[in-house]
Amino acid sequence: RMVGLRADVRDRAGLRAAFEEGIRTLGRFDIVLANAGILTSSVGETDDEAAWCTTIDILLTGVWNTIKVAAPTLIAQGDGGSIVLTGSTSSFVALSDGSGGNDAYIAAKHGVLGIMRSYANLLAPHRIRVNTVVPTGVATPMILNEQFGRWVANHAELVAPMRNLLPVEMIEPRDVSNAVLYLVTEEGRYVTGSTLTVDAGFLARP
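Residues numbered from 1 in each chain as written. Predicted model: local features only at pLDDT ≥ 70, side-chain atom pairs only at ≥ 80, totals over all residues. Heavy atoms only, no water.

Draft legend 1. A look at the overall build of the protein. Counting secondary structure elements, the protein contains six helices and four strands. Relative to the globule expectation of 17 Å for 206 residues, the C-alpha radius of gyration of the protein, 18 Å, shows essentially globular dimensions. Reported as C-alpha extents along the three principal axes, the dimensions of the protein are approximately 50 × 35 × 30 Å. For the protein, the proportion of contacts with a sequence separation of at least 24, taken over those separated by at least 6, is 77%. For the protein, the exposed area adds up to about 11000 Å²; of that, 55% sits on carbon and sulfur atoms. Distance between charge centres in the protein, computed from 17 positive and 21 negative side chains, equals 9 Å. (Helix = DSSP H or I, 4+ residues; strand = E, 2+ residues; numbered from the N terminus. Rg over C-alpha atoms; globule rule 2.2 N^0.38 Å. Contact = heavy atoms within 4.5 Å. Areas by Shrake-Rupley, 256 points an atom, 1.4 Å probe, with all protein chains shown as cover. Lys, Arg positive; Asp, Glu negative; His and termini not counted. Charge placed at Lys NZ, Arg CZ, Asp CG, Glu CD.)

Draft legend 2. Here's a closer look at the packing of aromatic side chains. What the rule picks out here adds up to one aromatic pair. When the centroid spacing of 4.9 Å and the interplanar angle of 90 degrees are considered together, the rings of F19 and F29 count as edge-to-face. In this pair, F19 is assigned in helix α1 (residues 12-26) and F29 in the loop between α1 and β1 (31-34), connecting sequence segments 10 residues apart. The exposure class of F19 is buried, given its relative accessible area of 18%. In this structure, R12 is placed above the aromatic ring of W64, and the distance from its NZ or CZ to the ring centre is 4.6 Å. Its guanidinium or amino end placed over the ring of F202, R205 lies 4.8 Å from that ring's centre, counting from NZ or CZ. (Phe/Tyr/Trp six-rings, centres within 6.5 Å; stacked < 30°, edge-to-face > 60°. Buried < 20%, exposed > 50% of the residue type's maximum accessible area, 1.4 Å probe, protein only. Lys NZ or Arg CZ within 6 Å of the ring centre and 35° of its normal.)

Draft legend 3. The arrangement of the layout of surface pockets in detail. Put simply, the largest pocket is a space of about 1300 Å³. Among the elements of the structure, β1, β2 (81-86), α3 (100-123), β3 (128-135), α4 (146-154) and α6 (173-184) are those that each provide at least two residues to the lining of the largest pocket. Along the lines of polarity and charge, the residues of the lining of the largest pocket split into 27 nonpolar, 17 polar and three charged. Counted as a void, the second largest pocket has a volume near 790 Å³. In this structure, the second largest pocket is lined by 27 residues; those nearest its centre are L15, F19, I31, V32 and L33. Looking at the lining of the second largest pocket, the elements with two or more residues in it are α1, β1 and α2 (48-77). (1 Å grid on protein atoms, 1.4 Å probe; cavity = no way out; pocket = protein on both sides within 12 Å on 5 of 7 lines; lining within 4 Å. Points joined across faces, edges and corners; volume = space filled by probe spheres on them. Nonpolar A, V, L, I, M, F, W, Y, C, P; charged D, E, K, R; others polar.)

Draft legend 4. Representation of the side chain of T66 in the model. For T66, the position within the fold is in helix α2. Using a relative accessible area of 14% as the deciding quantity, one classes T66 as buried. With residues up to four places along the chain from it excluded, the contact list for T66 reads V9, L15, V32 and A34.

In structure tokens:
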């Protein structure tokens with residue numbers, strides 16, 4: 001069964017209300033995926049500060065809010081659980097054009113690793129595992145759109161280093177989903193505080 005509810009990860013009260021509605025309907029939960037995302041670009045960006053704030057609020061504060069809403073119930077259930085945060089190759093590599101949106105994306109994805117490591121320590125006594133999945137570019141509407149295409153065309157110096165070691169431009173969503181499946185199931189029961197890269201070798205390039 002599925003309960004589909006809409007909430008804004010920037011709004012902790014709204015997020016908690018959706019979470020509690022899901023619990024009332026399904027009875028319990030065991031897995032948390034913090035995957036809300038946004039990617040702004042300097043193409044058409046008119047408010048540098050607004051782009052920074054929106055990106056940080058969704059990609060970093062939203063992850064923190066998700067953990068803060070979900071963790072108390074996972075702890076109270078007493079059966080452990082698994083939390084997976086979505087990072088990026090940008091969690092390790094800083095390639096920005098200096099715009100508010102790009103700077104915030106890099107900062108937020110670096111910050112996600114810090115949150116993951118902190119809560120892996122905090123929640124381990126409750127048998128709750130916290131990890132990060134780190135993909136390269138994924139073929140989703142976040143990057144398969146006209147605006148991002150214009151950004152790529154205008155920033156050849158930044159795009160050139162953004163290449164995978166394996167001869168693929170992007171990976172598919174299912175490649176990330178399969179990695180998450182490993183982290184949240186019995187097969188990954190002793191994996192915590194880790195980053196699982198699904199990057200076609202991006203981070204291994206010299």
